[in-house]
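Residues per chain, in single letters:
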Amino acid sequence: MSRLKWDQTGNRVYQTGVDNGVLYPMLDGVYAKGVAWDGLTKVSESPSGGESSPLYANNKKYNDIISDEIFGATIEAFDSPDEFDECDGSKEIAAGVFAGQQARKPFGFVYRTLICNDTDGSAYGYTIHIVYNCMAKPSSKDRGTVNESVEAMTMSWEVTTTPVDIPGGKPSAHLEIKSTKTTAEKMKALEDLLYGTDMVGEVPATEPKLPTPAEVIALMGAVV
């Protein structure tokens, strides 16, 4: 065993960026086919819970009870897919006429962040994030006049989640799949599920779908 070393070549890893957003609206309790989320600018992850409640006995601290942690996030984008309207409490009641303050529908959400290092840069790897059972909360939209400093309006949605069963772990609403921890073949198989495929020769095209945690685990295989 050798002495620890820091910041070795190839080990200076950091994460950046967000892209490849996909929305999976839930219809009648089932996730519909995914649609691309263009204009995605930021996803801020904001888990809640996980708080400590101390217990005392015999005039001293006895133990801690930790509350369950719930995944939450804020999605920021220049635009959202039409399929997101009903997830955002908007419903088309006539051609081109939308009513707000309607019942909000749950959805699934996928996005990608880049894993970089000091030798390969952003080509080093990436992380696919899968979020289940999302609900968008009402959010403000700032609409300002056009002036000499024109800026595109950025919209944001605060998202809460409800955990789902995770085989081999506690319930969770958030999975991260890191390309640096598995094979390119498995990542491609996962992306073909999430993003769909084009028709190639006699092989038919497939629709983008949101796999369950159990399906993701079966596809990626056991920890090695």
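A few points on the structure. (Residues numbered from 1 in each chain as written. Predicted model: local features only at pLDDT ≥ 70, side-chain atom pairs only at ≥ 80, totals over all residues. Heavy atoms only, no water.)

1. Regarding the environment of aspartate 118
Right, on to step 1. Relative to the helices and strands, aspartate 118 resides in the loop between β12 (107-117) and β13 (121-136).
Right, on to step 2. The spatial distance from the C-alpha of aspartate 118 to the C-alpha of aspartate 7 is 9.7 Å, given a sequence separation of 111 residues.
Right, on to step 3. For aspartate 118, the side chain forms a polar contact with the main-chain nitrogen of glycine 10, separated by 3.0 Å. (Helix = DSSP H or I, 4+ residues; strand = E, 2+ residues; numbered from the N terminus. Polar contact = N/O pair within 3.5 Å; in protein donor to acceptor, adjacent residues only side chain to side chain.)

2. A look at the packing of aromatic side chains
Right, on to step 1. Counted according to the given criterion, the structure contains six aromatic pairs.
Right, on to step 2. Relative to phenylalanine 84, the ring of tryptophan 37 lies with its centre 4.9 Å away and its plane at 50 degrees, an arrangement referred to as tilted. Of this pair, tryptophan 37 sits in strand β3 (residues 35-37) while phenylalanine 84 sits in the loop between β9 (72-77) and β10 (91-94), and the two are 47 residues apart along the sequence.
Right, on to step 3. Judged by its relative accessible area of 1%, phenylalanine 84 falls in the buried class.
Right, on to step 4. Ring geometry for tryptophan 37 against phenylalanine 109: centres 5.5 Å apart, planes inclined by 65 degrees, an arrangement best described as edge-to-face. Of this pair, tryptophan 37 sits in strand β3 while phenylalanine 109 sits in strand β12, and the two are 72 residues apart along the sequence.
Right, on to step 5. Take tryptophan 37: its relative accessible area is 4%, and that puts it in the buried class.
Right, on to step 6. Ring pairing ties together the aromatic residues Trp37, Phe84, Phe107, Phe109, Tyr111 and Trp157, which thus form one cluster.
Right, on to step 7. Its end group placed over the ring of tyrosine 126, arginine 112 keeps NZ or CZ at 5.2 Å from the ring centre. (Phe/Tyr/Trp six-rings, centres within 6.5 Å; stacked < 30°, edge-to-face > 60°. Buried < 20%, exposed > 50% of the residue type's maximum accessible area, 1.4 Å probe, protein only. Lys NZ or Arg CZ within 6 Å of the ring centre and 35° of its normal.)

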